[in-house]
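Coordinate inspection notes
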Amino acid sequence: MNILGVESSVMAKKYYVIWKGKKTGVFESWDVVKTLIQGVAGAKYKSFPSRKEAEYAFHNPETVVSKPKTKKAKYYVIWDGENSGIYTDWDIAQQKLKGVPRERFKTFGSRVLAERALKEGHENYVGKDFRKTQDLSESEIDKIGEPIELSLSVDAACNEMTGIMEYQGVWTFDRGSQLFRQGPYNGGTNNIGEFLALVHALAHFSKQDDPKFRKMPIYSDSRIAMGWVKAGTCRTKAKPGPEVQTLIARAEKWLAMNTFDNPILKWETKVWGEIPADFGRK
């Protein structure tokens with residue numbers, strides 16, 4: 001564990017091949033790839049674990065076999081009298097939902113979490129999104145544990161077509177309580193926004209008189225942005241707009257001139273659902 005509270009294991013690098021897009025070839029940045037496939041009908045692209053595999057696939061596309069996508073199981077929980085239960089068939093769930101208040105229905109990607117939710121009641125799940133949770137075992141879920149309530153959560157949102165980006169920080173224990181919200185800015189990416197949000201939070205806490213803020217945990221669901229903060233530099237391969245470039249330079253300067261003790265932690269979406277700072281635009 002390093003000063004950021006992030007495990008020091010090296011992130012697996014990916015290489016992206018574009019066979020059909022605004023530009024073709026092998027690329028190392030997903031942010032760049034997104035700009036090259038946006039708006040291209042029938043765009044063809046794929047990621048590979050090594051440059052050698054990517055180069056071979058680019059020159060020999062007939063060797064690449066795409067695995068058919070399997071539909072992820074979903075569990076629909078209804079807390080409402082005789083209709084209470086967990087349903088895996090959306091058509092049946094829809095019928096049972098007639099006349100049921102919205103807050104008494106929730107979609108899960110994990111059966112274990114769905115079963116817990118049904119048992120605990122809807123009150124603990126209002127305003128939270130669990131669609132991205134995953135089918136893990138009881139022991140796997142228990143090993144991850146619960147998020148630290150006295151903490152801040154940050155997230156960013158970016159329109160991939162326009163590059164309009166914004167970011168925010170909200171208190172984890174009070175999802176409706178916003179600490180800051182910045183933007184919109186032109187010419188950004190989600191990862192840049194996440195990086196700026198983390199540095200914004202660190203800078204904000206560093207100015208507080210109460211010492212507890214200087215050790216306040218900060219959650220992010222972007223390992224890339226967490227890695228950039230650890231490195232002290234925004235390593236994007238995208239070409240941000242002038243205003244965003246200024247913000248990046250300011251954030252990098254702050255990291256170079258300051259130290260901090262706030263642990264930066266990964267938000268475990270697969271168990272806890274969407275991060276509280278999520279903009280809800282997916």
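Reading guide: rules and limits
Residues numbered from 1 in each chain as written. Predicted model: local features only at pLDDT ≥ 70, side-chain atom pairs only at ≥ 80, totals over all residues. Heavy atoms only, no water. Helix = DSSP H or I, 4+ residues; strand = E, 2+ residues; numbered from the N terminus. Salt bridge = Lys/Arg side-chain N within 4 Å of Asp/Glu carboxyl O. Buried < 20%, exposed > 50% of the residue type's maximum accessible area, 1.4 Å probe, protein only. Core = buried A, V, L, I, M, F, W, Y, C linked by side-chain atoms within 4.5 Å. Pairing = 2+ DSSP bridges. Axes fitted to C-alpha atoms, helices over the stretch in contact; angles between N-to-C directions. Contact = heavy atoms within 4.5 Å. Lys, Arg positive; Asp, Glu negative; His and termini not counted. Polar contact = N/O pair within 3.5 Å; in protein donor to acceptor, adjacent residues only side chain to side chain.

The next point concerns unusual backbone geometry. In this model, Gly 183 is joined to Pro 184 through a cis peptide bond whose omega is 10°. Along the chain, Pro 184 falls in strand 9 (residues 178–185).

Moving on to the pattern of salt bridges. A side chain of one charge can pair with a side chain of the opposite charge when the charged atoms of the two come close. A complete count under the given rule lists twelve salt bridges for this structure. A salt bridge links Lys 34 to Asp 31; its shortest N-O distance comes to 3.9 Å. One end of the pair, Lys 34, and the other, Asp 31, are both in helix 1 (residues 30–37), three residues apart, so they sit about a helical turn from each other. Neither residue differs from the other here; Lys 34 and Asp 31 are each classed as buried. The partner of Glu 166 in a salt bridge is Arg 181, and the shortest N-O contact between them spans 3.2 Å. Placement of Glu 166 in strand 8 (residues 165–171) and of Arg 181 in strand 9 is noted, with a sequence separation of 15 residues between them. Looking at Glu 166, the relative accessible area reads 11%, which means it is buried. On the accessibility criterion, Arg 181 (40% relative accessible area) is partly exposed. The network of salt bridges with common partners includes Lys 13, Glu 28, Arg 51, Glu 55 and Lys 237.

On to the nonpolar core, then. Counting residues in hydrophobic clusters, the biggest one holds 35 residues, and the most contacted among them are Phe 195, Leu 196 and Val 229. Elements with a minimum of two residues in this core: strand 7 (152–158), strand 8, strand 9, helix 6 (190–206), helix 7 (223–231) and helix 8 (242–257). Per-element accounting of this core gives the leading share, ten residues, to helix 6. Of all hydrophobic cores here, the second largest spans 18 residues; its members include Ala 117, Tyr 219, Leu 265 and Ile 275.

With that settled, consider the sheet that holds strand 2 (residues 25–27). Strand order in this open sheet of three strands is 2-1-3, and the pairing throughout is antiparallel. Of all the strands in the sheet, just strand 2 and strand 3 (44–48) have a single pairing partner and so form its edges. On average, each strand axis in the sheet is inclined to that of its neighbour by 25°, with strand direction left out of account. Here strand 1 (residues 15–20) runs beside strand 3; their pairing, made up of five bridges, is antiparallel. Paired with Lys 20 across the two strands is Lys 44, which belongs to strand 3. In the packing of helix 2 (residues 51–59) onto the sheet, contacts are made with strand 1, strand 2 and strand 3, and the angle to strand 1 comes to roughly 10°.

Strand order in the open sheet made by the three strands is 5-4-6, with antiparallel pairing throughout. The strands lining the two open edges of the sheet, one partner per strand, are strand 5 (85–87) and strand 6 (105–108). On average, each strand axis in the sheet is inclined to that of its neighbour by 25°, with strand direction left out of account. Relative to strand 5, strand 4 (residues 75–78) runs antiparallel, the two being bridged by three bridges. Considered in strand 5, the bridge of Tyr 76 is made with Tyr 87.

The topology assignment puts Lys 106 in strand 6. Lacking a salt bridge, the buried Lys 106 has Asp 129 as its closest oppositely charged neighbour, with an N-O distance of 6.9 Å. A distance of 2.7 Å separates a polar atom in the side chain of Lys 106 from the backbone oxygen of Lys 128. In this structure, Lys 106 is in contact with Tyr 75, Tyr 76, Val 77, Trp 79, Tyr 125, Gly 127, Lys 128 and Phe 130, ignoring residues within four places of it in sequence.

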